[in-house]
Amino acid sequence: QVQLVQSGGGLVQPGGSLTLSCAASGSIAAISAMGWERQAPGKQRELLARISSGEPTIYADSVKGRFTISRDNAKNTVYLQMNNLKPEDTALYFCNAGAYSGGYFYAQGWGQGTQVTVSS
């Protein structure tokens, strides 16, 4: 089992930046991919970015060019650098960790969620 603890988030003005962190512990050896998703009120959960040791890094079109996912393997931590934030980025952000099998990603753990609010 994988445990994920998120940090970061909060309130930021439009055009501002935030960095989210997600530290993994537990069955680390089973993890080959980590990613970020978000859930806005009244909307479906959206995959934002995922980084993997064996698959290409992917980004949602809505955040491409503004968000950057990175991973520090020594710290078992994944980051999401968010720049040029917009009010529509307001949501509850979750990290996850897991592995690919047959081309599909299977999550083995989820972070607790952190609120990001973009407002002036």
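Residues numbered from 1 in each chain as written. Predicted model: local features only at pLDDT ≥ 70, side-chain atom pairs only at ≥ 80, totals over all residues. Heavy atoms only, no water.

1. Some details on the state of the cysteines
What the rule picks out here adds up to 1 disulfide. For Cys22, the disulfide goes to Cys95, at an S-S distance of 2.0 Å. In this structure the cystine formed by Cys22 and Cys95 twists about its S-S bond by roughly 60°; its chirality is therefore right-handed. With a gap of 73 residues between them, Cys22 in strand β3 (residues 18-26) and Cys95 in strand β9 (residues 91-101) connect regions that are remote in the sequence. When its relative accessible area of 0% is taken as the criterion, Cys95 is described as buried. (Disulfide = S-S within 2.5 Å. Helix = DSSP H or I, 4+ residues; strand = E, 2+ residues; numbered from the N terminus. Buried < 20%, exposed > 50% of the residue type's maximum accessible area, 1.4 Å probe, protein only.)

2. Here's the deal with the pairing of strand β11 (residues 114-118)
Side-chain alternation along β11 places Thr114, Val116 and Val118 on a buried face and Gln115 and Thr117 on a face that remains uncovered. Judged from the 3 bridges that link them, strand β2 (residues 10-12) and β11 form a sheet pairing that is parallel. The partner of Val12 across the bridge, within β11, is Val118. Inspection of the sheet shows β9 paired to β11 by 3 bridges, in the antiparallel sense. Directly across from Ala91, in β11, lies its bridge partner Val116. (Pairing = 2+ DSSP bridges.)

3. Concerning the nonpolar core
Core analysis: the biggest nonpolar cluster contains 28 residues, and Leu4, Met34, Trp36, Phe67, Leu80, Met82 and Tyr93 have the highest contact counts within it. Mapped by element, the contributors of at least two residues to this core are β1 (2-7), β3, β4 (33-39), β5 (46-52), β7 (67-72), β8 (77-82), β9 and β11. Among all residues touching Leu80, those that are not within four sequence positions of it are Leu18, Thr19, Leu20, Trp36, Leu48, Ala49, Phe67, Thr68, Ile69 and Tyr93. (Core = buried A, V, L, I, M, F, W, Y, C linked by side-chain atoms within 4.5 Å. Contact = heavy atoms within 4.5 Å.)

4. Side note on the pattern of salt bridges
The final tally for this structure, using the stated rule, is 4 salt bridges. Of the charged contacts, one joins Arg38 and Asp89 as a salt bridge, the two residues approaching to 2.9 Å between their closest N and O atoms. Of this pair, Arg38 sits in strand β4 while Asp89 sits in the loop between β8 and β9, and the two are 51 residues apart along the sequence. Taking the relative accessible area as the measure of exposure, Arg38 reaches 7% and is therefore buried. One salt bridge connects Arg66 with Asp89, and the closest N-O pair in it is separated by 2.7 Å. (Salt bridge = Lys/Arg side-chain N within 4 Å of Asp/Glu carboxyl O.)

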